[in-house]
Amino acid sequence: MRNQLFRKKSVDRILSDSILHSSGLAKVLGVRDLVSLGIAAIVGAGIFSTIGLAAFNGGPAVSMLFVFVAFACVFTALSYAQFASTVPVSGSAYTYAYVAFGELFAWIIGWALVLEYAVSNMVVAISWSQYFVSMCAGFGLHIPEWLTMAPGYAWDAHQKVVEGGIASLTGIDKIAWQAYTTAPRIGDMPVIFDLPAGMITVLVTWLVYIGIKESQRVSNIMVMIKIGVIIAVIVGGVFFVKPDNWTPFAPNGLGGVLSGVAAVFFAFIGFDSISTTAEECKNPQRDLPRAMIYCLLICAVLYVAITLVLTGMVNYTELNVKDPLAYVFEYVGFDYMAGIVSVTSVIAITSALLVFQLAQPRIWMTMSRDGLLWKKFSTIHPKYKTPSFATIITGIVVAIPALFFKMDFFVDLTSVGTFFAFILVCAGVLYMDKTGLSEKSTFKVPYVNGKYIVGSGFIVGLILMYRYGGDSLVTGQALGSMKELLHQSLVFIFWATWAVLSVLSYRHNFSLLPVIGILVNLYLMSELGVSNWIIFALWLAIGLLIYFMYGYSHSKLRTRPD
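Residues numbered from 1 in each chain as written. Predicted model: local features only at pLDDT ≥ 70, side-chain atom pairs only at ≥ 80, totals over all residues. Heavy atoms only, no water.

A. Layout of the nonpolar core. Membership of the largest hydrophobic core comes to 162 residues, with the highest contact counts inside it found for F66, Y80, F268 and F271. Here this core gets 20 residues from one element, more than from any other, and that element is helix α7 (residues 103–138). Judged by nonpolar contacts, the second largest core, of 12 residues, contains A157, A176, W177 and A183. (Core = buried A, V, L, I, M, F, W, Y, C linked by side-chain atoms within 4.5 Å. Buried < 20%, exposed > 50% of the residue type's maximum accessible area, 1.4 Å probe, protein only. Helix = DSSP H or I, 4+ residues; strand = E, 2+ residues; numbered from the N terminus.)

See below:
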């Protein structure tokens, strides 16, 4: 059974299978289209919504966190690019894991990618709804509060009123309380849901369903609009910057900055989504690597610039809002610009929703081809040339939770799954180098011998941790709670992994850049909340149950081996 679980697919077989199955897909995407899709995915809800919470917790120093996370993503993007040039098919990290680690890991990654694409789109849809409601209000069109939010917000407001009275409500809680009191009821249960979030998901799913070319055209237009508004925010906001707002630079210390890891990382999620369109590229081996690097560098520069402008325009304590880009201009009295930002933000976030709705069905399509999911998921529409059934299911999976769940829950959960996928992709490059598969790559991660560097870095890191932090882990101080114990366990996993990689790098001359990608992603992963790890573990358990009930026995690699 072990041999079956870890049986690998050869690159030659993957390419031959893709030729057999992809004849129905339209090859229309060039490097410019791919860069546009990548920017559409990256510049979305993260920059237009979650950046406010990250700045509130970490202060202006969050701009440096963007640099650090971009640094991590560059190493991961290089690894993705090498895989994409070697295995130019639609499966993204799922297919790459099939080549490097075998079927079980491929399934786990494919299941984790549902968190990255489908679950993150729930965040994007909810964020879109918030900007849409704000835009409508600006035009004098009022949508009832009970149609614009998750019921959890209303219940939280109700609980606060019970405990402290209406006077205890502030900001969004007042709106949530109004939703609770004005909503129609079924018995004693108020009917509250986020209608705009569900509607935009249905509309975008329809667009994705009718064709990749139509989706690409719409995406290109929306990307131009969103880049324009971000540049306008940066250029216009510079005139309102007060350097005093950048002091203190890190008011809540390193802990406050790192508390924004999930929100900041969420802002970068998406550069890998363009690898799912490989079979619709004109020249995937050449264009995919270029597009990944280009869009990541462009977005990193924009993110750092806009974070410094936002925290310079208003004090960081004012940024705990859901529409920070519009809010800062309202704050400084530039209402005209705030209105423009609100309108264009709706368009910008729509483009991110579009790209993720493109990516998820193509992951499921590839898994279905391999027999790990039901055959229906690989159905290609005869007219529209898209994975039709998988697209419809993606729309349902995204739309229904977006109607009823709070955004905060999905942000952290998305990041856990994505970090996990990124780590395995970086590790996969090390496997390719070791086994000689890298010789088939038309793009390779620049090789720097990590033989001595990885181990030296480990020793220096331990010394710095002992001297400046890591008290409970290093000195054995008492742990205050189970939550702290679990967090320290995650930190221990990080250091243990670094130690193992130090030994392996010395023995096998590992390439340094993928190793750095593994370590940085694992470190950021260890900084996420413990509750997210627990939910992620439950998610993987459900996925493994599906695999052993269906995928294991129907796997084409098992029934038709190489």
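B. A look at a nonpolar patch on the surface. On the surface, a cluster of nonpolar side chains totalling about 460 Å² of accessible area is made up of I392, I396, I400, F404 and F405. Residue classification places I392 among the partly exposed residues on the basis of a relative accessible area of 41%. (Patch = residues over 30% accessible without salt bridge, like charges linked within 9 Å, V, L, I, M, F, W, Y side chains within 5 Å. Areas by Shrake-Rupley, 256 points an atom, 1.4 Å probe, with all protein chains shown as cover. Salt bridge = Lys/Arg side-chain N within 4 Å of Asp/Glu carboxyl O.)

C. Quick look at the packing of aromatic side chains. On inspection of all chains with the given rule, the structure shows 25 aromatic pairs. Between F420 and F536 the ring centres are 5.6 Å apart and the planes differ by 65 degrees, which places this aromatic pair in the edge-to-face class. On the criterion of sequence distance, the pair formed by F420 in helix α18 (residues 407–435) and F536 in helix α23 (residues 530–554) is long-range, its members being 116 residues apart. The interplanar angle of 75 degrees and the centroid separation of 5.3 Å between the aromatic rings of F494 and W495 together place this pair among those described as edge-to-face. Here F494 and W495 have matching classes, each one buried. Three or more aromatic residues link up through ring pairs in this structure, and these residues are W107, W111, W539, Y547, F548 and Y552. (Phe/Tyr/Trp six-rings, centres within 6.5 Å; stacked < 30°, edge-to-face > 60°.)

D. Region of the structure containing helix α10 (residues 195–210). Between the first and last C-alpha of α10 there are 23 Å, a value that for 16 residues agrees with the 22 Å anticipated at 1.5 Å per step. Within α10, the full set of buried residues consists of P196, A197, G198, I200, T201, V204, T205, L207, V208 and I210. (Expected span 1.5 Å × (residues − 1).)

E. The arrangement of helix α8 (residues 151–164) in detail. With 14 residues, α8 should reach 20 Å at 1.5 Å per residue; the first-to-last C-alpha distance of 20 Å fits that figure. Among the residues of α8, those classed as buried are P151, Y153, A154, A157 and V161. Taken end-on, α8 shows its buried residues confined to a sector of 160 degrees, consistent with a single buried face. In α8, the exposed positions angled more than 90 degrees off the buried face are occupied by V162 and E163. Phi turns positive, to about 85 degrees, at G165, one or two residues after α8. (Arc of directions from axis to C-beta.)

F. How the structure looks around unusual backbone geometry. The omega angle of the peptide bond from T247 to P248 is -5 degrees, so this bond is cis rather than trans. Inspection of the secondary structure puts P248 in the loop between α11 (212–238) and α12 (253–258). If you check the backbone angles, N509 has positive phi at about 55 degrees while not being a glycine. Relative to the elements of secondary structure, N509 occurs in the loop between α21 (482–508) and α22 (512–526).

G. Representation of the environment of V343. Structurally, V343 can be placed in helix α16 (residues 335–369). Its relative accessible area of 29% is what places V343 among the partly exposed residues. Measuring from C-alpha to C-alpha, the distance between V343 and A326 comes to 9.5 Å, with 17 residues separating the pair along the chain. Contacts of V343, omitting those with residues within four sequence positions, involve M135 and F139. (Contact = heavy atoms within 4.5 Å.)

H. Structural context of the packing of helix α3 (residues 31–42) against α16. α16 packs onto α3 with a crossing angle of 110 degrees between their chain directions and a minimal axis gap of 7 Å. The pairing of α3 with α16 is recorded here as roughly perpendicular in orientation. Like other packed secondary-structure pairs, α3 and α16 cross with a definite hand, here left-handed. Across from L37, A40 and A41 in α3, the residues of α16 making contact are S351, A352, V355, F356 and L358. (Axes fitted to C-alpha atoms, helices over the stretch in contact; angles between N-to-C directions. Parallel < 35°, antiparallel > 145°, perpendicular 65-115°, else oblique. Left-handed = near helix turned anticlockwise from the far one by under 90°.)

I. Local environment of the side chain of T148. Mapped onto the elements, T148 comes out in the loop between α7 and α8. A polar atom in the side chain of T148 sits 2.9 Å from the backbone oxygen of E145. Those residues in contact with T148, other than ones at most four positions away along the chain, are S129, V133, I143, F193, D194 and P196. (Polar contact = N/O pair within 3.5 Å; in protein donor to acceptor, adjacent residues only side chain to side chain.)

J. Broad picture of the environment of V99. With respect to the element layout, V99 can be found in helix α6 (residues 93–100). V99 gets classed as buried once you look at its relative accessible area, which sits at 4%.

K. How the structure looks around the environment of Y117. Here Y117 lies in helix α7. Sequence separation of Y117 and L358 is 241 residues, and the distance between their C-alpha atoms is 9.1 Å.

L. Quick look at the state of the cysteines. Applying the stated rule across the entire model yields zero disulfides. With no disulfide of its own, C426 has C73 as its nearest cysteine by sulfur position, at a separation of 9.8 Å. By relative accessible area, which is 0% here, C426 ends up buried. (Disulfide = S-S within 2.5 Å.)

Worth remembering: the numbers are spatial, not functional.
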